[in-house]
Amino acid sequence: MDRVPVRDELADVEPYGAPQLDVPVRLNTNETPFRPPDAFFEQLAKRVAALDLQRYPDRRAWALRTELGRRFGLPPGRVWAANGSNEILQQLLQAYGGSGRRLLVFRPGYSMYPLLAKATATPMAVVDLDRGGYLDETVARRAAETEQPDIVFLDSPNNPTGITAPLGAVRQLHEHSRALVVVDEAYVEFGGDSAVALLDELPRLAVCRTFSKAWRLAGLRLGYLLAHEWVVDDLRKVRLPYHLDALTQAAGLTALELADDVTAHVEVLVGERERLVEALRQIGGVEVWEESRANFLLFSTAVPDLFDRLLAKGVLVRDFSREPLLDGCLRVTVGTRGENDTFLTALRECLQ
Ligand SMILES: Cc1ncc(COP(=O)(O)O)c(C=O)c1O
């Protein structure tokens, strides 16, 4: 034998793989199309020049967690930061998942949840939402009671529908289980209610956020969690030493200093989202999820190879058309006005 078999749970896993293709219009991974402002790079350069990179970074990322907490009126002991919210979700499963525990997720939902469950050997219960993708209080309560999870991942706005979960559903999940309820708010800056308002009311609630979308820093890898102190204490048991490097901490602090400038584009993208909804509504044969509060839209058509046809026209979107509950669905990230127009033109041509 000249290879070691991978762990059984991983045998059929496909590595996360939204294609990274060099095409003119890339609307498949929900990044913002706008570069961070020049002032961000100028101030970051100054901070980086002052770093003692021969030393390990601040293991606690204390300054960053302090500044993040300040935005929400929370002390740093209730804030956690790591390399993207994906790492935080993984750390949460390392701390509260594993064999003998159960993760509850909803479908459709973020495609990484099942992968993270497998990687951490966490059994997963999947509850299907209805065809529209809504989570109401009844579905939430039933899911909590039936599945009795130890941890829940709920993306709100949902990826890929963009629909936000009502806060009442979050309360039901909390009330009817013993689980840590993690609300994944990767897109919340683009709209929708935030569960942060429930943090003091619900002792087993945590809210996960990212700098990858509204903060324009997907290339950075920085996410954070707002939670109760016991959660942060537990995450310290599973994180690698010095997990968050000094450059990332410096960049996060710089972005927070320039918060208004860095996030100013959100308004533009929300306007473009609404324009896209309206345009998609006008195209015959397209059904669009109109309630998206995120920076993307889900839509479906009856054209089986639409993803490939759009790609042939230089427009890359995300293909969900063969996923359960998402028959014929594609997801398009809101881009610049020009990118959105190119997408719309290509779509109209493909459907003719
Ligand atoms: C719902 C959701 N959560 C988390 C993430 C991960 O974001 P990051 O690891 O870049 O912070 C994404 C990324 O697309 C997402 O869609």
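Structure: see above.
Residues numbered from 1 in each chain as written. Predicted model: local features only at pLDDT ≥ 70, side-chain atom pairs only at ≥ 80, totals over all residues. Heavy atoms only, no water.

A. Representation of the site of the ligand in the model. Lining the immediate environment of the ligand, one finds 13 residues, of which Ser 85, Asp 184, Tyr 187, Thr 210 and Ser 212 sit closest. Within the side chain of Tyr 187, a nitrogen or oxygen atom sits 2.6 Å from an oxygen atom of the ligand. Within the contact set of the ligand, an oxygen atom lies 2.5 Å away from a side-chain nitrogen or oxygen of Thr 210. Here the ligand loses 94% of its free accessible area of 400 Å² to cover by the protein chains. (Near = heavy atom within 4 Å. Polar contact = N/O pair within 3.5 Å; in protein donor to acceptor, adjacent residues only side chain to side chain. Areas by Shrake-Rupley, 256 points an atom, 1.4 Å probe, with all protein chains shown as cover.)

B. Seen up close, the packing of helix H2 (residues 62-72) against helix H8 (residues 246-257). Direction vectors running N to C along H2 and H8 enclose 30°, while the axes themselves pass 9 Å from each other. In terms of their interaxial angle, H2 and H8 are classed as roughly parallel. For the pair H2 and H8, the crossing hand works out as left-handed. Here Ala 63, Leu 64, Glu 67, Leu 68 and Arg 71 of H2 come into contact with H8, specifically with Gln 249, Gly 252, Leu 253 and Leu 256. (Axes fitted to C-alpha atoms, helices over the stretch in contact; angles between N-to-C directions. Helix = DSSP H or I, 4+ residues; strand = E, 2+ residues; numbered from the N terminus. Parallel < 35°, antiparallel > 145°, perpendicular 65-115°, else oblique. Left-handed = near helix turned anticlockwise from the far one by under 90°. Contact = heavy atoms within 4.5 Å.)

C. A look at the packing of aromatic side chains. As enumerated under the stated definition, the model contains 10 aromatic pairs in all. Centre to centre, the rings of Tyr 96 and Trp 230 are 6.0 Å apart; their planes meet at 80°, and the pair counts as edge-to-face. With Tyr 96 in helix H3 (residues 84-96) and Trp 230 in helix H7 (residues 229-238), the pair connects residues that are 134 residues apart, well separated along the chain. The buried category is assigned to Tyr 96, whose relative accessible area is 10%. The rings of Phe 72, Phe 211, Trp 215 and Tyr 224 are connected pair by pair, giving a single aromatic cluster. Here Arg 60 stacks its cationic end above the ring of Trp 62, 4.1 Å away from the centre of that ring. Cation over ring: Arg 331 sits above Phe 296, and NZ or CZ is 5.5 Å from the ring centre. (Phe/Tyr/Trp six-rings, centres within 6.5 Å; stacked < 30°, edge-to-face > 60°. Buried < 20%, exposed > 50% of the residue type's maximum accessible area, 1.4 Å probe, protein only. Lys NZ or Arg CZ within 6 Å of the ring centre and 35° of its normal.)

D. Layout of the sheet that holds strand S9 (residues 287-288). Strand order in the open sheet made by the four strands is S9-S10-S13-S12, with antiparallel pairing throughout. At either margin of the open sheet sits one strand with a lone partner, and together these are S9 and strand S12 (318-319). Bridge analysis of S9 against strand S10 (residues 296-300) gives two bridges, and the strand direction is antiparallel. Within S10, the position partnered with Glu 287 by the bridge is Ser 300. (Pairing = 2+ DSSP bridges.)

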